[in-house]
Amino acid sequence: MKKYLAATALALCFATSAQAAGELNIYAWAESISPDLIAKFSKENDVKVNVDSFTSNEDLLTKLQAGSSGYDIATPSQHFLRVMIDQGIIENFGANKLKAYENIEEKWRNQWWDEKQEYSIPLAYGTAGFVVNTDQYKGPTDSFKYFFEPAEELKGKIALLSYPDEVIGAAQLYLGVPFCSEDQAEMKKVLDLLMAQKPFVAVYSSDNIASRLASGEVSVHFWWDGDSLRARKAGSPVKLAMTKEGLVGWMDSYVIPKGAPNQDNAVKFIEFMSTQENATEQMNFYSHSSPMKVIQEKVVNTRETAPELYPDVPITFSRTCSAAAQDLVTRVWTQLLQ
Amino acid sequence: MTDSALHIPAETVRAPRARFWHDLSFWGLLPARLLMSFALILPIFIIAAVSVATRGAYGGFTWDFNLAGYSQILFNEGWTGELEFTPQYLLIIGRTFLLAGATTLICLLFAVPVAYFISRQPPGRKAALVYLVTLPFWVSMILRVYAWMIILGKDGTLPKLLETLGFPAGMSFMFNDGATLTAMVYTAMPLMVLPVFASIEKLDGTLIEASHDLYGDRWVTLRRVILPLTAPGLTAGAILVFVPSLGAVLEPALMGGGKQMMMGSLIQLQFGGGRNWPFGAAIAMTLMALVMLFLIFTALRAARREATP
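By the naming in an unreviewed UniProt entry, chain B goes by ABC transporter permease subunit and is assigned to Shinella zoogloeoides. Database annotation for chain B, UniProt heading Sequence similarities (unreviewed entry): "Belongs to the binding-protein-dependent transport system permease family. CysTW subfamily."

An unreviewed UniProt entry lists chain A under the name Extracellular solute-binding protein, with Shinella zoogloeoides given as the organism.

Structure representation (structure tokens):
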């Protein structure tokens, strides 16, 4: 027994002293990157990979603005990516010269948030809308009307996110108000809609959504497509509403924060994640759509098995709002929760 | 002999004139001084500076003097486009103070009997009980709040218990002010019990006996003897509970359902989605100023109490 202990102790010493050649610090959405792929990358390149997670774009932006975050890779959504480029807080790493660029589906290249595709390589995209627990709610779901002006039976059974971002976008889609509107009267309509909905709302929270919806604590929750898909595959009776007004779209991309200490490894990692094979594996893990060319035969979530990822209603991507428009959004949210 | 006799006073005269860095206590206290300046005082100055800076369009700020952050607490552009008095932030500030005050009061009501009970136990059991009071600090705060969600939530422990007692099924006690208050009282309780226990423990039992000998009934004894003698502990506990409760973010968000903002969540919104750091800093400074007022008020009252025997 003693011998084993000694051997273990010795092995532990070696394990800790065996330093990896390099390091890579990733700051990504919680559980968004396949741990298997990270382990594989770490082993192949002898790089120690640390992953931290954030739960909102706002948190990520604030952290990067504060400077010297120490992260080598971050994964903001499109409208925040645009802000980061304009603010000069991410690196131009010549993304369009990488092999990864060749692997981006053509329709997703050079979008408005990074016109020359110099600062980012996309990772995943999807939509946000409302998801219902079909055991509890049998009513229609083909319009945001049933979410914002719900039936009496949904009193205290609706949940929104704790941040205004996508929720206000959905309200704007329903009312026909353009995203980032600077028109006070239009935004007042958004506030009135949310105020009228508030008596039906049990909670404004972005945590614990899966269990809150599955347990029936609420019957309707504002949520993301891939998360809804994962919950359904895990056996929860949930369904993403295909609202005729459209869904709020998002696309997350890999970026390199300015002054990142391990930029070479960051580029290596982005190339690694963007090969067809790995992009396919990543897509299967994350259960969101992939903007990369993937190996179709290996894709688990197909149009038949995962209708959540293949909406046939229009998708409107969140925009980067001016300070004036963002103030209106904040004002609506503060008055809603005052 | 004369030399040494002269020598001694010379030393004693020179000692106070020694450079302060020759003083051992200067070096001994240096880490504390550095910690205080860099971890406490400097950040406050930074927040104060940001609160009078000009906001950047996408968060951040520029160093241009601007009092917009403070005026925004009271006056904002209304939906008609005119600058008008907006009570919404005062409402949020008032609610925060109300909740923190209620937390402090409830903690006091529970902590005094608990502390009294512990102080009357034999030494061994006393130590064990004090240890039990501190036990929750070993568990992350977020886990402790989640535990309450499991107890109060749908199909939780309490609703199930009530169900077996014949109450209607499917009750939930979550997402209201009561749930927020429950979690806040629970997380703050040890901070109240410990100082109160420390002062009750020191309470001299013979003084209580003396009070009874002088025909003081229980109420008079409590009011004229026990409360004045334990006041420092009660005050310390009240401050320890009240001040952090003002900044509570977790309990209102998780237990209250985030349906009403507190100052903590308001500040968070301004630094995050609101992209208005100076305003967030101004609210933080206001919160701090109000706390300072509260502390000065408590200190003045304590001083007055000491002055009048």
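Our focus in this paragraph is the UniProt feature "domain: ABC transmembrane type-1" (unreviewed entry) in chain B. Sites flagged by UniProt as "domain: ABC transmembrane type-1" (unreviewed entry) map to residues 93-300 of chain B. Overall, residues 93-300 of chain B shows 77% helix and 0% strand. The separation of its end C-alpha atoms is 24 Å.

Residue and element names in this part refer to chain B. Looking at chain B, pLDDT values average 86 and 93% of them are 70 or higher. Overall, residues 1-6 carries pLDDT values under 50, and its contacts beyond four positions in sequence, including any with other chains, amount to zero contacts. Predicted complex, confidence summary: ipTM 0.80, pTM 0.83.

This next bit is on the sheet that holds strand 2 (residues 47-54) of chain A. All names here are of chain A. In spatial order, the strands read 2-1-3; together these three strands make up an open sheet with parallel pairing. Unpaired on one side and paired on the other, strand 2 and strand 3 (73-74) mark the two borders of the sheet. Across eight bridges, strand 1 (residues 22-29) lies against strand 2 in parallel orientation. From the neighbouring strand, N25 faces strand 2, where its bridge partner is N50. With respect to the sheet, helix 3 (residues 57-66) is in contact with strand 1, strand 2 and strand 3, its orientation differing from that of strand 1 by roughly 140°.

All right, on to the state of the cysteines then. Residue and element names in this part refer to chain A. On inspection of all chains with the given rule, the structure shows one disulfide over all chains. Between the sulfur atoms of C180 and its disulfide partner C321 the distance amounts to 2.0 Å. Where C180 bonds to C321 through sulfur, the torsion about that S-S bond is close to -80°, and the disulfide is left-handed. Highlighted residues: C180 in the loop between helix 7 (164-175) and helix 8 (184-197) and C321 in the loop between strand 10 (315-317) and helix 13 (323-336), separated in sequence by 141 residues. Classification of C180 by relative accessible area gives buried; the value is 17%. Assessed through its relative accessible area of 9%, C321 is described here as buried.

Procedures and definitions
- Residues numbered from 1 in each chain as written.
- Chains lettered and ligands numbered in written order.
- Predicted model: local features only at pLDDT ≥ 70, side-chain atom pairs only at ≥ 80, totals over all residues.
- Heavy atoms only, no water.
- UniProt positions renumbered as here; feature names shortened; annotations may be inferred.
- Helix = DSSP H or I, 4+ residues; strand = E, 2+ residues; numbered from the N terminus.
- pLDDT = per-residue confidence, 0-100.
- Contact = heavy atoms within 4.5 Å.
- Pairing = 2+ DSSP bridges.
- Axes fitted to C-alpha atoms, helices over the stretch in contact; angles between N-to-C directions.
- Disulfide = S-S within 2.5 Å.
- Buried < 20%, exposed > 50% of the residue type's maximum accessible area, 1.4 Å probe, protein only.

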